[in-house]
Amino acid sequence: MFFEDLNPECEIGANCHYVKLGSFHIVIDAGMSPREIGLNALPNFSEIPDGSLDFIIATHCHLDHIGAIPILLRNHPKARLLVTPQSRVLMPVLLENSYVVMKHQRKELGIREYPLFEKHEIERLGEYFFEMKYGVRRTFRKDEDQIDIEFFDAGHVAGAGGVMLEYKHRRIFFSGDILFRRQRILQAGKWPEKKIDALVMETTRGATERTEQKQVEAEIERLILTIQYTLRRGGSVLIPTFAFGRTQEVLTILHEAVRAKKIDKKTPIVCSGLGLAIVDTFDEISQKYPSLQFRKSVLKDLGVIPLNRMKFLQPGEEPSKPTIFVISSGMMVENTPSYNIAACLLGNAKNSFCFVGYCDPETPGGQLLASSTGGNFLFSALHYSTPIRAAVERFDLSGHADREELLQAAIRLDPRVIVLSHGNEESRNWFYDELTYNAPHIHVLNPAVLTPYQI
Ligand SMILES: [Zn+2]
Ligand SMILES: [Zn+2]
């Protein structure tokens, strides 16, 4: 197999794997880096000859995996876009949001190349989609050649799948982003049982140890306790969340807490736009596919208030009564609802900030987590600075498998080769060292960026 990682950073960025098996030319994921701006956020597509791709396979609908698909499709009109039925519904919603954000950034930040794709290119995705249900293997033929492809439920987010390619009795499995643990709204992910030759796997949590106290259920309990204490002292809670998946998971956790009378039913809960838009899509998917269980009745039960129906709050101005905000972005990126509400709540010691997902250290969320209480925090996009008085807490509810379970799963699969991806250098190094020590017969490849390999 020819293999090349087209992500220009050794990081979780513009994920994109370029693979050739016999006459088949395949790309697995084509993402946009959350850290970079403009054309620098794209994978290096110049490595792929125009018109050559047979398949573009999307493991799931996070933007670091699909954000560049409309751009890649421009030069590959014959390619089929292989997705799970859930991703088929979700992808246009998430790409459309990305388009709106880019248009906004063009205006606010003067990034002239934005938006990187047009609305009609999202609408045209329908011509390329080819649906693949979990566990249903499909055979594709080209001249005399044939390849089998199958998706495995990866947990992580709705529609996420690991992808198996089988060519001439050789099996290559791409993990995508994987979570082996069940979430409130999603089934646990599973890996294949059959022997495989090569495993291309994510390494997101390679640098993160989960301690005994940090087990997920204990973390959820600690989150609810923090919310209880905050509301009792008359403060508000900000939970910055990713709109896709994490918002609906947190709403379900709050729903449970309200039903168990741990949180007063009358507490206002506020959500922002995309998180609410996805609720409808999730409801639709849940009715058809049992791996996702989220009903929009949760919103009604909780009396969720859309952020745009609230009075606009200026920096430093508090809501009229203690409120729980479940709003995006998860990393508190500039000019997003969570960033603006943070500027209202940070200066008051009664309030709490509860981070429930990964924050890149360079984003405002990451910077706040690294700051200490009493210091000042500058909301540069709002020209506003305030002392950090609110409690700032991090809860480990990661949507990615813990490093130990991923390591064990990889060793159990016992492939001939393991290719490391989707992680920073520290994370990849942990997996490299552990795998070469615990399973010395497996060849472990930490691929250099933009370097072709024969595997
Ligand atoms: Zn993901
Ligand atoms: Zn990812």
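Residues numbered from 1 in each chain as written. Chains lettered and ligands numbered in written order. Predicted model: local features only at pLDDT ≥ 70, side-chain atom pairs only at ≥ 80, totals over all residues. Heavy atoms only, no water.

J.: Looking at this model, I keep getting lost on the overall build of the protein chain. Mind explaining?
T.: Check the secondary structure of the protein chain and you find twelve helices and 22 strands. Taken against the 2.2 N^0.38 rule, which gives 23 Å for 455 residues, the C-alpha radius of gyration of the protein chain at 22 Å falls within 12% of a compact globule. Seen along its three principal axes, the alpha-carbon backbone of the protein chain occupies a region of about 70 × 45 × 40 Å. Counted over contacts in the protein chain with a minimum sequence separation of 6, partners at least 24 positions apart contribute 71%. For the protein chain, the exposed surface amounts to about 19500 Å²; the carbon and sulfur share of it is 49%. Positive and negative charge centroids in the protein chain, built from 52 and 56 side chains respectively, lie 7 Å apart. (Helix = DSSP H or I, 4+ residues; strand = E, 2+ residues; numbered from the N terminus. Rg over C-alpha atoms; globule rule 2.2 N^0.38 Å. Contact = heavy atoms within 4.5 Å. Areas by Shrake-Rupley, 256 points an atom, 1.4 Å probe, with all protein chains shown as cover. Lys, Arg positive; Asp, Glu negative; His and termini not counted. Charge placed at Lys NZ, Arg CZ, Asp CG, Glu CD.)

J.: Explain the nonpolar core here, please?
T.: Within the largest apolar cluster, 105 residues are counted, with the highest numbers of intra-cluster contacts made by Ile69, Leu81, Met91, Trp191, Met201, Ile227 and Ile324. Mapping this core onto the domain boundaries places at least three of its residues in each of domain 1 (2-208 + 399-454) and domain 2 (213-394). Ignoring anything within four residues of it in the chain, the contact list for tryptophan 191 reads Phe152, Phe173, Ser175, Ile178, Phe180, Leu199, Met201, Leu406, Ala409, Ala410 and Leu413. With 27 residues, the next largest nonpolar core counts Met1, Phe24, Phe55 and Phe140 among its residues. (Core = buried A, V, L, I, M, F, W, Y, C linked by side-chain atoms within 4.5 Å. Buried < 20%, exposed > 50% of the residue type's maximum accessible area, 1.4 Å probe, protein only. Domains from an automatic or database assignment.)

J.: Sorry, what's going on with the sheet that holds strand E7 (residues 138-142) here?
T.: Note: strands within a sheet are paired through backbone hydrogen bonds, in either parallel or antiparallel orientation. Spatially, seven strands are ordered E7-E8-E9-E10-E11-E20-E21 in an open sheet, and the strand pairing comes out mixed. Two strands bound the open sheet, and with one partner strand each, they are E7 and strand E21 (443-445). On average, adjacent strands in this sheet sit at an angle of 20° to one another, irrespective of strand direction. When strand E20 (residues 417-421) meets E21, the two strands line up parallel, connected through three bridges. Paired with valine 417 across the bridge in E21 is histidine 443. Strands strand E11 (198-202), E20 and E21 of the sheet are contacted by helix H12 (residues 425-438), whose axis makes an angle of about 165° with E20. (Pairing = 2+ DSSP bridges. Axes fitted to C-alpha atoms, helices over the stretch in contact; angles between N-to-C directions.)

J.: Sorry, what's going on with the side chain of threonine 386 here?
T.: The residue threonine 386 is located in strand E18 (residues 384-387) in this model. Non-local contacts of threonine 386, meaning those with residues more than four positions away in its chain, are made with Leu346, Gly347, Gly375, Asn376, Phe377 and Phe379.

J.: Would you mind showing me how to read the environment of glycine 235 here?
T.: As for its placement among the helices and strands, glycine 235 is situated in the loop between helix H5 (216-232) and strand E12 (237-240). Classification of glycine 235 by relative accessible area gives buried; the value is 0%. Not counting chain neighbours up to four residues away, the residues in contact with glycine 235 comprise Thr230, Pro322, Thr323, Lys350 and Asn351.

J.: Would you mind going over the coordination of the zinc ion (ligand 1) with me for this structure?
T.: Tetrahedral metal sites with four donors have an ideal angle of 109.5 degrees; octahedral sites with six donors have ideal angles of 90 or 180 degrees. Donor atoms from the polypeptide that bind the zinc ion (ligand 1) are His60 (NE2), His62 (ND1), His156 (NE2) and Asp177 (OD), placed at 2.1 to 2.3 Å. Going along the chain, you hit the donors of the zinc ion (ligand 1) in the pattern H-x1-H-x93-H-x20-D. For the pair the zinc ion (ligand 1) and the zinc ion (ligand 2), the metal-to-metal distance amounts to 3.3 Å, and aspartate 177 bridges them. Residue histidine 156 is located in the loop between strand E8 (145-153) and strand E9 (161-167), and its partner aspartate 177 is located in the loop between strand E10 (170-174) and E11; the two are separated by 21 residues in the primary sequence. Aspartate 177 shares its class with histidine 156; the two are buried. (Donors = N, O, S within 2.8 Å, 3.2 Å for Na, K, Ca; no water.)

J.: Is there a simple way to think about the pairing of E9 in this case?
T.: The side chains of a regular strand alternate, residue by residue, between the two faces of the sheet. With seven of seven residues buried, E9 lies mostly within the body of the structure. Side chains of E9 alternate between two faces, with Gly161, Val163, Leu165 and Tyr167 and Gly162, Met164 and Glu166 buried alike. Of the strand pairs in this sheet, E8 and E9 are connected by six bridges, and their pairing is antiparallel. Bridging across to E9, aspartate 153 finds its partner in glycine 161. One ladder, built from five bridges, connects E9 with E10; its direction is antiparallel. Pairing of methionine 164 across the sheet is with phenylalanine 173, part of E10. Hairpin geometry of E9 and E10 is characterised by an intervening segment of two residues between the two adjacent antiparallel strands and by a positive phi of about 50° at lysine 168.

J.: Help me understand H12, please; the structure alone is not making it clear to me.
T.: Along an α-helix, a turn takes 3.6 residues, which lines up residues three or four apart on a common side. For H12, with 14 residues, the first-to-last C-alpha span of 20 Å sits near the 20 Å given by 1.5 Å per residue. Of all the residues in H12, the buried ones are Ser427, Arg428, Trp430, Phe431 and Leu435. Angularly, the buried residues of H12 cover 155° about the axis, an arc narrow enough to put them on a single face. Opposite the packed face of H12, turned more than 90 degrees from it, sit the exposed residues Glu425, Glu426 and Tyr437. In this structure, the buried side of H12 is in contact with E11, helix H11 (403-413), E20 and E21. (Expected span 1.5 Å × (residues − 1). Arc of directions from axis to C-beta.)

J.: What is the right way to read the coordination of the zinc ion (ligand 2) from this model?
T.: Of the protein atoms, only Asp64 (OD), His65 (NE2), Asp177 (OD) and His422 (NE2) coordinate the zinc ion (ligand 2), at distances of 2.1 to 2.4 Å. For the zinc ion (ligand 2), the four donor atoms are set out with angles of 91 to 168° between them, so the coordination reads as irregular. Linear spacing of the donor residues for the zinc ion (ligand 2) on their chain is D-H-x111-D-x244-H. (Tetrahedral: all angles 85-135°; square planar, octahedral: opposite > 155°, others 65-115°.)

J.: What am I meant to see in helix H9 (residues 337-345) here?
T.: In terms of burial, H9 is largely enclosed, as seven of its nine residues are buried. Among the residues making up H9, those that are buried are Ser338, Tyr339, Ile341, Ala342, Ala343, Cys344 and Leu345. If you follow the buried residues of H9, they end up packed against E12, strand E15 (324-327), strand E16 (352-355), helix H10 (364-370), strand E17 (376-379) and E18.

J.: In this structure, what is going on with the domain arrangement of the protein chain? I would like to understand it.
T.: Interface extent is often summarised as the accessible area lost during association of the parts. According to the domain assignment, the protein chain consists of domain 1 (2-208 + 399-454) and domain 2 (213-394). Each of domain 1 and domain 2 has a C-alpha centre, and these two points are 29 Å apart. Every contact between the two is made by 22 residues of domain 1 and, on the other side, 24 residues of domain 2. Here domain 1 and domain 2 share an interface that buries about 2300 Å² over both sides, 62% of which is from carbon and sulfur atoms. (Buried area = accessible area lost by both parts, 1.4 Å probe.)

J.: Explanation requested: the pattern of salt bridges in the structure shown.
T.: When the charged atoms of two side chains with opposite charge come close together, those side chains can pair. With the rule as written, the count across this model stands at 24 salt bridges. With a shortest N-O distance of 3.1 Å, arginine 205 and aspartate 402 are connected by a salt bridge. Remark: aspartate 402 occurs in the loop between strand E19 (391-394) and H11 and arginine 205 occurs in the loop between E11 and H5; sequence separation between them is 197 residues. Arginine 205 gets classed as buried once you look at its relative accessible area, which sits at 7%. A salt bridge links aspartate 396 to arginine 210; the nearest nitrogen and oxygen atoms lie 3.5 Å apart. Taken together, the residues aspartate 396 in the loop between E19 and H11 and arginine 210 in the loop between E11 and H5 connect sequence positions 186 residues apart. Arginine 210 matches aspartate 396 in its accessibility class, with the two residues each being buried. (Salt bridge = Lys/Arg side-chain N within 4 Å of Asp/Glu carboxyl O.)

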